[in-house]
Amino acid sequence: MHHRERPVARERLAGDPVEVAPWLLNKVLVRRDSSGRTVRSGRIVEVEAYRGADDPASHAHRGRTARNATMFGPPGGLYVYFTYGMHWCANVVCWPDGEAGAVLLRAMAPLAGLPAMRQDRPTARRDRDLARGPARLCQAMGITGSEDGSDLVDGVPLALVDDGTAPPSDPERSTRVGISSATDRMWRWWVPGDLHRSPGRPAGG
DNA sequence: AAATTGATTCAT
DNA sequence: TGAATCAATTTT
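What you see is a predicted model; the values in this text were computed from it and never measured.

J.: How should I be thinking about the overall build of chain A in this particular structure?
T.: The helix and strand inventory of chain A stands at four helices and nine strands. Going from N to C terminus, chain A has its helices and strands arranged as β-α-α-β-β-β-β-β-α-α-β-β-β. A compact globule built from 205 residues should have a C-alpha radius of gyration of about 17 Å, and chain A, at 16 Å, falls within 12% of that. For the C-alpha atoms alone, the extent of chain A along its principal axes is close to 40 × 35 × 35 Å. Out of the 205 residues belonging to chain A, those deemed buried represent 52%. Here the contacts in chain A between residues at least 6 apart in sequence split such that 62% fall between residues at least 24 apart.

J.: I would appreciate a short explanation of the nonpolar core in the present structure.
T.: If you look at soluble globular proteins, the nonpolar side chains tend to sit buried side by side. Residues Leu-13, Leu-24, Leu-29, Val-47, Ile-143, Leu-160 and Trp-189 are the most contacted members of the largest nonpolar core, which totals 40 residues. Beyond its immediate sequence surroundings of up to four residues, Leu-29 is in contact with Arg-40, Ser-41, Gly-42, Leu-105, Met-108, Leu-137, Met-141, Ile-143, Leu-152 and Ala-159. Formed by 14 residues, the second largest nonpolar core is a distinct cluster that contains Phe-72, Val-93, Leu-104 and Ile-179.

Rules behind the numbers
Residues numbered from 1 in each chain as written. Chains lettered and ligands numbered in written order. Predicted model: local features only at pLDDT ≥ 70, side-chain atom pairs only at ≥ 80, totals over all residues. Heavy atoms only, no water. Helix = DSSP H or I, 4+ residues; strand = E, 2+ residues; numbered from the N terminus. Rg over C-alpha atoms; globule rule 2.2 N^0.38 Å. Buried < 20%, exposed > 50% of the residue type's maximum accessible area, 1.4 Å probe, protein only. Contact = heavy atoms within 4.5 Å. Core = buried A, V, L, I, M, F, W, Y, C linked by side-chain atoms within 4.5 Å.

Shown next as structure tokens:
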């Protein structure tokens, strides 16, 4: 049956990113316009967890800076950062207010607003390439640094919702992609068999 | 396998 | 003030 979309509970995001990350699989990221209509959405199929002080691969590892401030804010925030001189990446903030940690959104299966996504991702040849990778996901959803710090639970302009699809009971996992420290931690998860997962090769393993 | 691109950060 | 780094993507 069809379930109504409901926002994820902020309390559920306030925990350890390593536990929140696989739980976020199959949740839906939605962009709404000013009248509340869904203009783009996609199902999250690949994530990575980043902790704070005890995770050398985390932007928050060396403490709070202007760039990573959102990660130290309340759970449910959207942490957006710029990297490689050209790419935006989006994370869901975890842990209680004051403690840093987040889940990187690495890939999505597009659900709604595909024409707009194709327009913002002209290099995507197939629809499965629209949001396959963290920077591609941001392009497909129209996310940039101007939306750093917005709230995914309040849901404007971006929302994290549960449409009734449970997370996979047996998510696949690996080490994280594109990092050079803490390469042994198996903190990347994806929906088994989903073709929308990014091709990124894990660091170390 | 190599080019692309610029903010951020830490070290001088 | 300078150099290294970088939660990647695209093209060759």
